[in-house]
Amino acid sequence: MNDDPWALCEVLAEPPEARGAVLLHFLDGFMDAGQAGRGVVDHLFKTLEHTPVASFDVDQLIDYRSRRPNLTFSIDRWSDFEAPQLVVYLMRDASDRPFLLMTGPEPDFAWERFVDSVEDLIEHWNVPLTLGFQGIPMGVPHTRALGMTVHATRPELVFDNRPVFNEVTVPGNAAGLLEYRLGESGRDAIGLSVHVPHYVMQMTYPAATMRLLEGIREATGLDLPADEDLELERAQVDSDIAEQVAESEEVADVVKTLEDQYDSFTEAADADEMLQEGRIPTADELGAAFEHFLAERQRGEDDK
């Protein structure tokens, strides 16, 4: 086996604009509730020109039998093969600022060598910031503003963040490992995880994609274009969900319960000085703050 990370990656072009450009990345295969991250990639491909500048050798990274690529048969011959591709593209935002996008299937094999290859690209092009994005399922209602967990290799890079848990262990994924290794090597990296209501996680949820686009703009300063079609899709999906809720008393009760829990947690967090001071409380402290809020609300109702 060749341990050279460059054996996994081929630089296809050396445009000067690639040097010093931000690198965005999304890998298919791990968690992406509501297809939020996939929606961002589709939006960028639809609205911006893109030029391949680097490619990974998927034959060394992908298990074809676990996710078989499509072969097309036409009458008496095989006519097409949809070969998987893991590619870095050069793009320009609406203000003509260049940035890079790496996307394709998450590697099944050689994660550490893959991460080494990406780090070599980052060093080769002097990339100042790497940013990944995805959707994660949460017990939140669709009728409230979508939250987002922001994580980074330096506290100074974290913005607009209200922690919902102190510590959690999840299945490993290549994007997470990349961010972790970049932190170990002292490089700047950010991850955005938009909170998607768990009951819509299997469907396409444009509101989550739009929330990620907002987060990417804020984290990078990129002038990513809006999309009227995406807004129309969001409105249609919201209307469909509202119709389904109205038709089922059971579903309506679930949503109402989630709304109450969301509002209670938000009010308790707003009143908690620990969060206002920027310190992440422990699970016991969060529980105590929540209980205090419920007790105060109950006392107010008794006094009426």
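- Taking an unreviewed UniProt entry as the reference, the protein is identified by name as PAC2 family protein belonging to Glycomyces albidus.

## Considering the sheet that holds strand β7 (residues 98–105)
Thinking step 1. In space, the eight strands of this open sheet follow the order β1-β3-β6-β7-β2-β8-β10-β9, with mixed pairing throughout. For this open sheet the edge positions go to β1 (9–11) and β9 (148–152), each flanked by a neighbour on one side alone. The mean inter-strand angle of the sheet, taken between neighbouring strand axes irrespective of direction, is 25°.
Thinking step 2. Both strand β2 (residues 22–28) and strand β8 (residues 130–138) contribute to a ladder of three bridges, which runs parallel. Counterpart to H25 in the pairing with β8 is G132.
Thinking step 3. Those strands touched by helix α4 (residues 206–220) are β2, β8, β9 and β10 (189–197), and its axis lies near 155° from that of β10.

## Thoughts on unusual backbone geometry
Thinking step 1. Phi at D96 is positive, roughly 70°, even though this residue is not glycine.
Thinking step 2. Along the polypeptide, D96 turns up in the loop between β6 (87–92) and β7.
Thinking step 3. Given a relative accessible area of 48%, D96 falls into the partly exposed group.
Thinking step 4. Positive phi values are uncommon outside glycine, yet N126 reaches one of about 55°.
Thinking step 5. Judged by its relative accessible area of 49%, N126 is partly exposed.

## Notes on the nonpolar core
Thinking step 1. Core analysis: the biggest nonpolar cluster contains 39 residues, and L24, L44, F133, L192 and Y205 have the highest contact counts within it.
Thinking step 2. Counting only elements with at least two residues in this core, the list comes to β2, α1 (36–47), β7, β8, β9, β10, α4 and α5 (228–247).
Thinking step 3. Of all the elements, α4 adds the most residues to this core, at six residues.
Thinking step 4. When residues no more than four places from it in sequence are discounted, the contact partners of L192 are L131, G132, F133, Q134, M148, T149, V150, H151, F159, L212, G215 and I216.

## Topic: the pairing of strand β5 (residues 77–81)
Thinking step 1. Pairing geometry for strand β4 (residues 71–74) and β5, over four bridges, is antiparallel. By the bridge assignment for β5, F73 is matched with W78.
Thinking step 2. Between β4 and β5, which pair antiparallel one after the other, the connecting turn spans two residues, and I75 there sits at a positive phi close to 60°.

## Side note on α5
Thinking step 1. Between its first and last C-alpha atoms α5 spans 29 Å; for 20 residues at 1.5 Å apiece the expected length is 28 Å, and the two agree.
Thinking step 2. Restricting attention to buried positions, one finds in α5 the residues L230, V237, I241 and V245. Here the buried residues of α5 occupy an arc of 75° about the axis, which is enough to place them on one side. Facing away from the buried side of α5, by more than 90 degrees, are the exposed residues E228, L232, A246 and E247.
Thinking step 3. Sitting at the head of α5, D227 places a side-chain oxygen 2.9 Å from the backbone nitrogen of D229.

Quick notes on the rules
Residues numbered from 1 in each chain as written. Predicted model: local features only at pLDDT ≥ 70, side-chain atom pairs only at ≥ 80, totals over all residues. Heavy atoms only, no water. Pairing = 2+ DSSP bridges. Helix = DSSP H or I, 4+ residues; strand = E, 2+ residues; numbered from the N terminus. Axes fitted to C-alpha atoms, helices over the stretch in contact; angles between N-to-C directions. Contact = heavy atoms within 4.5 Å. Buried < 20%, exposed > 50% of the residue type's maximum accessible area, 1.4 Å probe, protein only. Core = buried A, V, L, I, M, F, W, Y, C linked by side-chain atoms within 4.5 Å. Expected span 1.5 Å × (residues − 1). Arc of directions from axis to C-beta. Polar contact = N/O pair within 3.5 Å; in protein donor to acceptor, adjacent residues only side chain to side chain.

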